[in-house]
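Residue-level structure breakdown
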Amino acid sequence: MGDSGLRVIVPSWVSYVLSFNGPAGLAGAALLYVYQCDIIYPSAFRKDHEANMEYTETTLTTKDNIKLHTYTMILANEDETRAAPTICTSIQANAGNMGHPLPIAGAYHQKLKCNVVMLSYRGYDLSEGKPSEKGIRIDAQTLLEYDTRLIAYGQSIGGAVAIDIVSHYEEAFSGLIVENTFLSLPNLIPHVMPMLKYVTFLCHQQWPSEVNIKRIVKTPVLFLSGSRDELIPPSHMEKLYEECDTQKTKDFHQLSNGMYKDTYVQPGYFTATREFLEQRMLKVERRTDENREKAEDTTEQVRVDGKLVDTGNSQHSSLETYPLVSGVADEEGMTHSFQVEEIELDEEYTSAPQAGER
């Protein structure tokens, strides 16, 4: 998760220049346009990664030849690995690095028994390049190299990236989880930087989630919203939920005390996530297999002279599984283990909707 938000990363010189009217204000707006990517993507935050899990480091190369650092965590048991969902995170907040999503990744991996793939955008952490909307969209496409059905997860600007990649490559994903995400950057600017509310037309980094969410028509979606988010108005999440018109299920879970940086530690967060994975994702996959089996059974039922003939092809899998295999070999073959903040997962939950769910 990001250590800071858009409001606190605006350089002091920008605020100073924009405080004047007339030519000075126009000059400040022009500088803001030129240095926009540096303000939106402050990728210089780097720190040692600490977690109590094993992971494998891999380097992926984008189609524009940028090398990206990834961290993959798979379950120890091979059968569990093949049957478990694979959470795609990293998709980190704008002012974060790979150390920030590790607590969430650890909970998905250890508590919810998921495989996890964390991708570090260009310019962030150990990845090459300089971040921009166009570049990060290309980065997200490298996840399609994994021979598995993915569940995209993202928080803040990472949620916008997750919505974007699923909206363009829906067949590659079996689910989407977004947390405290905005409608678009131009819609967010008046809230986090009020002094720029009249020059939002200069924002060339768009991330139009309110448009992209409408393109998702056959993927289950979970919306996790912190009611006390001080950076992204909760109304943005509510609007995204309303605009989502997926033919599958969509769930909205509101965390009454959740703020920008701590929604994931609120009671009920991982209960809602686990219910989504178990009741929505796996149920959909089982139903898909059942429909496939019925179709195959119908095709295989051949009658000769009014009698049913067995074609000898009646074995079917009861649950579709997806092997987690990267298309790129691990260059170093290194595994690491380290300590991270512990997240308490609700052990008791029922199938009844939680307070704040829709």
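Residues numbered from 1 in each chain as written. Predicted model: local features only at pLDDT ≥ 70, side-chain atom pairs only at ≥ 80, totals over all residues. Heavy atoms only, no water.

A closer look at the packing of aromatic side chains
Under the criterion given, the structure shown has seven aromatic pairs. With centroids separated by 6.0 Å and ring planes inclined at 80°, the aromatic side chains of Tyr 121 and Tyr 124 adopt a geometry described as edge-to-face. The exposure class assigned to Tyr 121 is buried, which follows from its relative accessible area of 1%. For the pair Tyr 241 and Phe 252, a centre-to-centre distance of 5.4 Å together with 70° between the ring planes defines the contact as edge-to-face. On the criterion of sequence distance, the pair formed by Tyr 241 in helix 10 (residues 234–243) and Phe 252 in strand 8 (residues 250–255) is long-range, its members being 11 residues apart. Both residues of the pair, Tyr 241 and Phe 252, count as buried. Three or more aromatic residues joined by ring pairs make a cluster, and in this case those are Tyr 108, Tyr 153, Tyr 269 and Phe 270. The side chain of Lys 250 reaches across the aromatic face of Tyr 241, ending 4.5 Å from its centre. (Phe/Tyr/Trp six-rings, centres within 6.5 Å; stacked < 30°, edge-to-face > 60°. Buried < 20%, exposed > 50% of the residue type's maximum accessible area, 1.4 Å probe, protein only. Helix = DSSP H or I, 4+ residues; strand = E, 2+ residues; numbered from the N terminus. Lys NZ or Arg CZ within 6 Å of the ring centre and 35° of its normal.)

Digging into the side chain of Ser 127
Tracing the backbone through its elements, the reader meets Ser 127 in the loop between strand 4 (115–119) and helix 6 (133–141). A distance of 2.8 Å separates the side chain of Ser 127 from the backbone oxygen of Ser 120, its partner in a polar contact. (Polar contact = N/O pair within 3.5 Å; in protein donor to acceptor, adjacent residues only side chain to side chain.)

Remarks on the pairing of strand 7 (residues 221–226)
Summarising burial for strand 7: six of the six residues are buried, a large majority. Residue alternation in strand 7 divides its side chains into two sets, Val 221, Phe 223 and Ser 225 and Leu 222, Leu 224 and Gly 226, and both sets are buried. Sheet topology places strand 6 (residues 173–179) next to strand 7; four bridges connect them, and they run parallel. Residue pairing for strand 7: Glu 179 is matched across the bridge by Leu 224. With six bridges connecting them, strand 7 and strand 8 associate as parallel partners. Pairing of Ser 225 across the sheet is with Gln 254, part of strand 8. A crossover connection joins strand 7 to the parallel strand 8 through helix 10; in handedness this β-α-β unit is right-handed. (Pairing = 2+ DSSP bridges. Right-handed = clockwise from strand over helix to strand, strands pointing away.)

So, a nonpolar patch on the surface
Side chains of Leu 31, Tyr 33, Val 34 and Tyr 35 sit close together on the surface and give an oily, nonpolar patch of about 370 Å² of accessible area. Within the secondary structure layout, Val 34 lies in helix 2 (residues 23–34). (Patch = residues over 30% accessible without salt bridge, like charges linked within 9 Å, V, L, I, M, F, W, Y side chains within 5 Å. Areas by Shrake-Rupley, 256 points an atom, 1.4 Å probe, with all protein chains shown as cover. Salt bridge = Lys/Arg side-chain N within 4 Å of Asp/Glu carboxyl O.)

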